[in-house]
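Close look at the chain arrangement
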Amino acid sequence: MDIPVFILAGLLVHFVFLVSIFDIYFSSPLVHGMTPQQTPLPPPAKRLVLFVADGLRADSLYELDGNNTSHAPYLRAILENNGSWGISHTRVPTESRPGHVALIAGFYEDVSAVAKGWKENPVEFDSVFNESKYTWSWGSPDILPMFAKGATGDHVYTFCYTAESEDFGAQDASKLDTWVFDHVKSFFNSSRSNQTLFSALNEEKVVLFMHLLGIDTNGHAHRPNSREYKENIRKVDEGVKEIASMLESFYGNDGKTAFILTSDHGMTDWGSHGAGHPSETLTPLIVWGAGVNYPQQVTSQFFEDNVLKEWKLENLKRLDVNQADIAPLMASLIGVPFPLNSVGTLPLEYLNNSAHFKAESMFTNAAQVLEQFKVKMNQKKATTLSFLFTPFKPLSDPEQINFLKKTRLYIQQQKYDEAVSLCKTLINLALEGLSYYHTYDRLFLGLSIAMGFVGWTTYVILVIVKTHTNLTKTVQSSDKESAALLYGFTFVGMMITFFLLIQTSPWTYYIYCLLPVPVWYAVMRELHVIQNLAANLWSLPISQSLGFILISILGIEILVFSFFYRATLTVGLLVFAGWPVITQLWVQAKTTTLIWTVLCALLAVFPLMPVVGREPNIPLVIAAGLLTLLISGFSLASSCKSENKYRNNEDMKVHFYQMLSIALSTYVVSNTHNSLKNKQGLPVFNQIISWTTLVSSSVLPLLSPTFLFQRLFSILLSLMATYLLLSTGYEALFPLVLSGLMFVWIHMEQEALQHYGLSLKPKLAVFNFAYATDITQFRQLHLDDIRRSFFFVFFIVTAFFGTGNIASVNSFDPASVYCFLTVFSPFMMGGLLVLKVVIPFVLVSCAFEAVQVTTQLSSKSLFLIVLVISDIMALHFFLLVKDYGSWLEIGTSISHYVLVMSLTMFMMLMNGLAQLLTTKRLDLSRRTKHHAT
């Protein structure tokens, strides 16, 4: 198989492995075709007002300041005197879109929906807004349109400010909330002179939704413990008070308005969200008005978080809910059908109503969840062969009828408590059953993917052994054997297709189940290689083989472990520091060994540092910029001193321009930080320089000479200019230390090559990438090359985690992109954050490219070993993925797998990018100059 075809096949196979996890573990739980369920009794409220304070943490709202006063005095008075309160527990991913879907539609969106965009509906779903008679909503253009788009008919109205208003660098983000409150007031004032609107507002089953984004924006820009965040809470409190008072007078104090204030997600202390930390998953819930219970006094209550004393709320009953429970609560208060896909359980303790009403509402809730269960079961039954179908025993058809009859009987006999208890049991069983059918095919699909993984890794190992070592002899297999093999695998493929066809399986199942067939066919075609390899391994001493296998396993386990504990990388780097001593390399290269040891020890410090973004440290970024300038100045001086005949004026100009770029980047970081601190926004001049630097950094290295160290240094300077703009603290120093180690690594590999007597030592100073691809000079693989590949994978993982643990969504810090943009744009910001992660990768990949060509190996051979190592890691994480346990564990397990798979696919692309960056040269002067190496 030639290289382009192999890389394409590899990318395709890995893409399937990556996507499969979402089908196996995180596909959409939605089903369609249920009958709406509605409580038959009259509701307590005619209208509902929902305030969602985006990004508001529970502790930020409930805690008291140093003077024992609340940040939100009006809401504090409400929960002490008029309403009920508690904590709403959100789920991963703690982002605005899934949070609002859980609140308003009552179900938890699958993880993949977050990636499909904030504003659109990847799947159609029902919501409280859709079931209402009219819904008017005010707020962010990122949230409101998705509920209007999914609604049937024309009864959900939205009023949004412009997307440009969501500026993290603006003077004051609380103006977003003031905009909402002002527009609601003017809307109600205008209705007095508009009879159609006035009568619509006086209808029953009306929802008013206010999405307040200021707190979230201020939290991102200034952190949740800042004065701005707390001041914004106070402004929201005043706004809620004014709106409540205005509505009471508008409706003549008819006592038919219910109010709910909550949040879609919280926020970490360093101003991010997305993962499962308690600061992100604990949000406030305050409910008051028509049909809502008054505060209940208690003498003692116990919660694991032990915060009640701190909040001075230990004597007021705290009623915790899951975020999806709020949708049935809203539906019950205004008497609309429960959203069809809701999986929430109605929190009865919030209701101030008759026992009969509560029992009927609970019965409606149970019937609505049971409807989903029945549809899901029938779907699965229709697509599974009858003899293979295993139903969910606790809710067989007779059991369902029995539950519903019994509950109806209890309600007729006025045994309301028993009816409620039975309904809760039924809801729990129906949710269990929904989960059972939702994960019905998991084992079968998981095994298919695992077989594909093992087959692919085996095939790559065989390719290495066959084409890059002397371990096997070429054997011609007979045509008969080849044909039999082909027919055998074709038959298996046809059988699998037929089996999936009669079960009317989704098209993705065909890919997952058929993928192992061609992969294992390719493996079986190389059967003679396996036999040769086995014979060779048997001839080795057992202790040597076992020792090698144990060291390989240990190495991969260390890499896997580093995803959970970054400090593992520190231990690994310290072992690397001692590598020349263990292998006696230091005897022949004492100076190089000393520098190697010092740089390994320096790099080992980074994984011990806190995650980036938690404490910005701009002086460190400026120091990194100045240090880079100093190093490039030294480099320039030394090349001038030696009157380097390989340098001409054009090269000097490129070098000067790169130094200027570094100086400008350092200035922009400092100036932007001060400007944002003084709330003057992002200066346009800084923004222009940032984007120009970003674009030029990909072109400038291609203008520099292709001599080994000159080209690598040019790549470092270009990427460093962009990296400084994306840095907020100590991580700005990381590429410098990493590159230093990479330069020494290239020298060390030369020493190792000589040590094992594999080749003569080339003169690195005059080594030219452009002429390094002479095919006749390539040698076969040696056992030491496995160590080289392991070093590369280890450095890649270090490049990933050395600047902060990015195995979790919440460790991304939006402050990193403020030199480029401050207006909220999830995909643009995401792209820049990915670029920040990629820059150290590129540095390592280019150094690896240099190691390959200077050690006279074809780039394919070492890369294949790298592929095997990363695939074994990926299989590890595939088996560790889970969708149960705490949300933190679930989020982490997905992140790890997606990360390793992305890394593997990235390394394939990086391989090509590194070759381009090191070997290609743009000659702008149109004069071609050739220098002999």
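As a starting point, this report considers the structure included with it. (Residues numbered from 1 in each chain as written. Predicted model: local features only at pLDDT ≥ 70, side-chain atom pairs only at ≥ 80, totals over all residues. Heavy atoms only, no water.)

Considerations on the environment of His468
To keep it simple, the criterion reads: Under the scheme used here, helices are H or I runs from DSSP no shorter than 4 residues and strands are E runs no shorter than 2 residues, and both carry numbers assigned from the N terminus. Contacts between residues were defined by any pair of non-hydrogen atoms, one from each residue, lying within 4.5 Å.
Checked against the element boundaries, His468 lands in helix 18 (residues 442-468). When the C-alpha positions of His468 and Gln780 are compared, they lie 5.3 Å apart, and in sequence the two are 312 residues distant. Once residues within four sequence positions are removed from consideration, His468 is found in contact with Val463, Gln780, Leu781, Ser858, Lys860, Ser861 and Leu864.

So, the packing of helix 8 (residues 175-191) against helix 11 (residues 227-250)
Note the threshold: Throughout, an axis means a line fitted to C-alpha atoms (over the contacting stretch in the case of helices), and angles, computed between N-to-C directions, take values from 0 to 180 degrees. Roughly parallel here means an angle under 35 degrees, roughly antiparallel means over 145, roughly perpendicular means 65 to 115, and every remaining angle is called oblique. Lys, Arg, Asp and Glu make up the charged group, whereas Ala, Val, Leu, Ile, Met, Phe, Trp, Tyr, Cys and Pro make up the nonpolar group; the residues left over, Gly among them, are polar.
Interhelical geometry of helix 8 versus helix 11 gives an angle of 10 degrees and a closest axis separation of 10 Å. Between helix 8 and helix 11, the interaxial angle falls into the category roughly parallel. Between helix 8, through Asp177, Phe181, Val184, Lys185, Phe188 and Ser191, and helix 11, the contact on the second element is made entirely by Asn232, Lys235, Val236, Gly239, Val240, Glu242, Ile243, Met246, Leu247 and Phe250. Its residues assigned to classes, the contact of helix 8 with helix 11 shows nine nonpolar, three polar and four charged.

Re the packing of aromatic side chains
Here is the rule: Note on ring pairs: Phe, Tyr and Trp rings are taken, using the six-membered ring of Trp, and paired if centres are within 6.5 Å. Classes follow the plane angle, with under 30 degrees stacked, over 60 edge-to-face and the rest tilted. By the criterion adopted, a ring carries a charge over it if an Arg CZ or a Lys NZ lies within 6 Å of its centre and within 35 degrees of its normal.
A full pass over the atoms with the stated rule returns 56 aromatic pairs. Residues Trp691 and Phe820 carry aromatic rings whose centres are separated by 5.1 Å and whose planes lie at 75 degrees to one another, so their mutual orientation is edge-to-face. Residue Trp691 is found in helix 28 (residues 684-697), and its partner Phe820 is found in the loop between helix 31 (784-801) and helix 32 (826-854); the two are separated by 129 residues along the sequence. An aromatic cluster is built from Tyr134, Trp136, Trp138, Tyr157, Phe159, Phe187, Phe188, Phe198, Phe250 and Tyr251, whose rings are joined through pairwise contacts. Here the basic side chain of Arg787 rests over the ring of Phe791, its NZ or CZ set 4.7 Å away from the ring centre.

Describing the pattern of salt bridges
The test is simple: Note on definitions: salt bridges are taken to be side-chain nitrogens of Lys or Arg within 4 Å of carboxyl oxygens of Asp or Glu. Residue exposure (1.4 Å probe, protein chains only): buried if accessible area is under 20% of the type maximum, exposed if over 50%, otherwise partly exposed.
Applying the stated criterion across every chain, the model contains 20 salt bridges. Among the salt bridges present, the one from Glu203 reaches Lys133, with a minimum N-O distance of 3.3 Å. One end of the pair, Glu203, is in the loop between helix 9 (195-201) and strand 5 (206-212); the other, Lys133, is in the loop between helix 6 (128-131) and strand 3 (134-139), with 70 residues separating them in the sequence. For Glu203, a relative accessible area of 29% corresponds to the partly exposed category. Residue Lys133 is classed as partly exposed on the basis of its relative accessible area, which comes to 41%. Within the structure, one salt-bridge network assembled from shared partners comprises Glu749, Asp785, Arg787 and Arg788.

So, the sheet that holds strand 6 (residues 257-262)
For clarity, the threshold we go by: When DSSP finds at least two bridges between two strands, those strands are taken to pair.
Pairing within the open sheet is mixed, and its eight strands lie in the order 4-3-5-1-6-7-2-8. Each edge of the open sheet is held by one strand with a lone partner, namely strand 4 (156-160) and strand 8 (321-322). Relative to strand 7 (residues 282-289), strand 2 (residues 84-89) is paired through six bridges, and the arrangement is antiparallel. Paired with His89 across the two strands is Leu282, which belongs to strand 7. Relative to the sheet, helix 3 (residues 73-81) contacts strand 2, strand 6 and strand 7, its axis offset from that of strand 7 by approximately 65 degrees. On top of the sheet, helix 11 reaches strand 1 (47-53), strand 5, strand 6 and strand 7; it is set at about 170 degrees to strand 6, its chief contact.

Describing the pairing of strand 6
For strand 6, the tally of buried residues reaches six of six residues, placing the bulk of the element in the interior. Of the two faces of strand 6, the one holding Thr257, Phe259 and Leu261 and the one holding Ala258, Ile260 and Thr262 are both buried throughout. Inspection of the sheet shows strand 1 paired to strand 6 by six bridges, in the parallel sense. Across the sheet, the residue bridging to Leu48 is Ala258, located in strand 6. Across five bridges, strand 6 lies against strand 7 in antiparallel orientation.

Quick word on the side chain of Ser342
As for its position among the elements, Ser342 is in the loop between helix 14 (326-334) and helix 15 (355-382). Residues contacting Ser342, with those up to four places away along its chain left out, are Ala105, Gly106, Phe107, Ala324, Pro328, Gln368, Val369 and Gln372.

By themselves these figures say nothing about function.
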